[in-house]
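Listed below are the residues making up each chain.
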Amino acid sequence: MAHEFKEISPNASAGAKVTNWFENRFPTAFDAYRVHMSEYYAPKNFNFWYVFGSLALVVLVIQIVTGIFLVMHYKPDAALAFASVEYIMRDVPWGWLIRYMHSTGASAFFIVVYLHMFRGLIYGSYRKPRELVWIFGCAIFLALMAEAFMGYLLPWGQMSYWGAQVIVNLFAAIPFVGPDLALLIRGDFVVGDATLNRFFSFHVIAVPLVLLGLVVAHLLALHDVGSNNPDGVEIKAPNAPKDAKGKPLDGVPFHPYYTVHDIFALSMFLMAFTAVVFFAPEFGGYFLEYNNFIPADPMVTPLHIAPVWYFTPFYSMLRAITSEMMYALIACVVAGALIGVVKGKLPGFLKAGVVVAALVAVVLMLSIDAKFWGVVVMGGAVIILFFLPWLDTCAVKSIRYRPTWHKYLYAVFVINFLILGYLGVQPPSPVGERVSQVGTLFYFGFFLLMPWWSSLGATKPVPDRVNFTAH
Ligand code: HEM
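Residues numbered from 1 in each chain as written. Predicted model: local features only at pLDDT ≥ 70, side-chain atom pairs only at ≥ 80, totals over all residues. Heavy atoms only, no water.

Colleague: Is there a simple way to explain the coordination of the iron atom of the ligand in this structure?
Modeller: Four donors placed tetrahedrally about a metal ideally form angles of 109.5 degrees, and six donors placed octahedrally ideally form angles of 90 or 180 degrees. Distances from the iron atom of the ligand to its protein donors, His-116 (NE2) and His-218 (NE2), fall at 2.0 to 2.1 Å. Accessibility expressed as a relative area gives 18% for His-116, which makes it buried. For His-218, a relative accessible area of 15% gives the class buried. (Donors = N, O, S within 2.8 Å, 3.2 Å for Na, K, Ca; no water. Buried < 20%, exposed > 50% of the residue type's maximum accessible area, 1.4 Å probe, protein only.)

Written as structure tokens, this is what we have:
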């Protein structure tokens with residue numbers, strides 16, 4: 001659509017004239033600014049939980065910019081990679097800063113994104129009409145995990161090497177295609193130069209492109225349906241209060257209100273971020289593992305191989321699936337099928353289908369190695385998040401108006417996730433194994449039983465307007 005040419009008074013200021021010159025030649029950019037910033041109405045009751053989206057954007061930019069500078073000196077070659085990273089750390093002017101910003105940025109990304117996801121969970125931001133916003137978010141989370149995993153191989157330290165070896169070998173547990181798939185991923189029979197090259201290629205270009213595309217889709221979808229808020233009140237609904245121009249009374253323009261809010265949060269974030277970068281970049285071995293300061297040696301396996309902290313809850317779930325645990329899982333499948341048949345309001349042929357599916361599942365669970373099911377559980381723990389919009393059946397969105405015990409349940413969910421994370425860093429132990437098995441059952445129970453428990457209990461009345469007091 002052709003835009004109308006906007007005339008400007010000859011007496012206008014030089015600044016206004018320059019703006020007008022650009023607006024007449026690139027109106028789309030000016031429209032985008034209005035739609036997404038100055039005329040994007042966001043609920044006025046956002047709290048601090050709403051800063052993590054823009055912080056994630058900032059961290060994404062930090063990672064891309066520092067990554068570009070790292071690539072200028074890094075060598076994706078098994079014989080040179082480790083030394084090139086040391087060269088960056090010691091000889092390249094400010095190289096240490098760039099590298100520590102990138103490694104700290106990886107952990108910061110996960111901290112920010114976990115908090116961002118938790119906000120979505122407690123305020124029901126994934127519910128209609130924001131299902132796609134959530135699904136794009138889950139895809140971002142998957143891409144982020146792939147990005148971090150492949151980036152970790154690049155310094156070619158002991159942990160890079162053995163971590164990649166362990167994880168790629170997991171694919172070999174898939175029946176029939178597993179060994180060939182693992183070979184395809186590695187490009188060799190063991191993790192080697194070919195693996196390093198392809199991980200480099202994925203890490204610096206393929207996955208970042210996907211991530212950027214997904215982030216754009218995430219934000220466009222969000223701005224189409226409008227933001228949720230801590231009360232879960234829809235400020236743009238047809239019956240929501242609006243002014244004479246149709247602007248929501250419970251909304252404020254994103255710019256300047258939330259740009260200022262987010263800049264304040266950014267300044268807090270940068271204080272914490274720079275404190276880590278300058279004073280504790282290894283963060284006690286959690287952000288950069290000590291074993292990774294030893295060059296990769298295919299002949300020496302480290303005593304204890306653990307992934308970086310952000311993967312450890314999922315790693316714990318992987319380790320929890322022992323052959324003994326398979327019996328507990330089989331019991332869950334049988335119990336689920338029984339409940340479906342006895343209690344479910346399904347037509348007869350579907351009930352028969354449930355019984356057959358459960359039988360097939362049990363036979364497969366008994367015949368395929370537990371290691372494979374560990375991989376299924378680990379992958380399933382992320383995939384299940386995609387289905388959250390359809391698992392939650394509570395009448396209200398926000399935790400504020402749900403039955404009080406929901407809060408305790410969410411608290412237990414978080415504690416359980418943290419315990420799983422802690423156990424994933426520790427060497428395997430009999431007690432740790434048992435606890436992680438219970439934790440895994442709780443994690444999946446939380447989601448799979450959500451259609452049932454989320455509809456229980458009395459909800460509190462949701463107000464018509466958002467709760468807001470000027471400060
Ligand atoms: C690179 C990673 C990500 C970036 C840059 C990003 C960016 C953003 C931004 C800027 C917002 C609006 C501001 C806010 O509500 O905080 C937002 C909202 C949202 N994001 Fe993300 N996001 C990312 C990852 C994720 C992930 C992993 C999920 C969930 C799995 C997710 C789910 C959501 C949801 C549900 C909303 C709407 C929240 C509401 O309106 O209450 N995002 N995101």
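Colleague: Which parts of the structure should I look at to understand unusual backbone geometry?
Modeller: When glycine is set aside, most residues are seen to have a negative phi, and most peptide bonds are trans. Note the cis peptide between Lys-128 and Pro-129, where omega equals 5°. Structurally, Pro-129 is set in the loop between α5 (95–123) and α6 (131–153). Cis rather than trans, the peptide bond between His-255 and Pro-256 has omega equal to 10°. Backbone geometry at Trp-94 places phi at a positive 65°, although glycine is not the residue there. With respect to the element layout, Trp-94 can be found in the loop between α4 (81–90) and α5. A positive phi is found at Phe-176, a non-glycine position, where the angle reads about 65°. (Helix = DSSP H or I, 4+ residues; strand = E, 2+ residues; numbered from the N terminus.)

Colleague: Would you mind going over the site of the ligand with me for this structure?
Modeller: For the ligand, the set of nearby residues contains 23 residues, the closest of which are Tyr-50, His-116, Ser-125, His-218 and Asn-228. Between the ligand and the protein, one listed contact pairs an oxygen atom with a side-chain N or O atom of Tyr-50 at 2.7 Å. With respect to the ligand, the backbone of Gly-53 contributes an N or O atom lying 3.1 Å from an oxygen atom. Every element with two or more residues in the shell around the ligand is listed here: α3 (52–71), α5, α6 and α9 (193–225). Per element, the largest residue contribution to the shell around the ligand is six residues, and it comes from α6. (Near = heavy atom within 4 Å. Polar contact = N/O pair within 3.5 Å; in protein donor to acceptor, adjacent residues only side chain to side chain.)

Colleague: Sorry, what's going on with the packing of α6 against helix α7 (residues 158–171) here?
Modeller: It is the contact of α6 with α7, at a shortest axis distance of 7 Å, that shows an interaxial angle of 130°. The angle between α6 and α7 falls in the class oblique. Between α6 and α7, the contacting residues are Phe-149, Tyr-152 and Leu-153 on the first element and Met-159, Ser-160, Tyr-161, Gly-163, Ala-164, Ile-167 and Val-168 on the second. Residue classes in the contact of α6 with α7 are distributed as eight nonpolar, two polar and no charged. (Axes fitted to C-alpha atoms, helices over the stretch in contact; angles between N-to-C directions. Parallel < 35°, antiparallel > 145°, perpendicular 65-115°, else oblique. Contact = heavy atoms within 4.5 Å. Nonpolar A, V, L, I, M, F, W, Y, C, P; charged D, E, K, R; others polar.)

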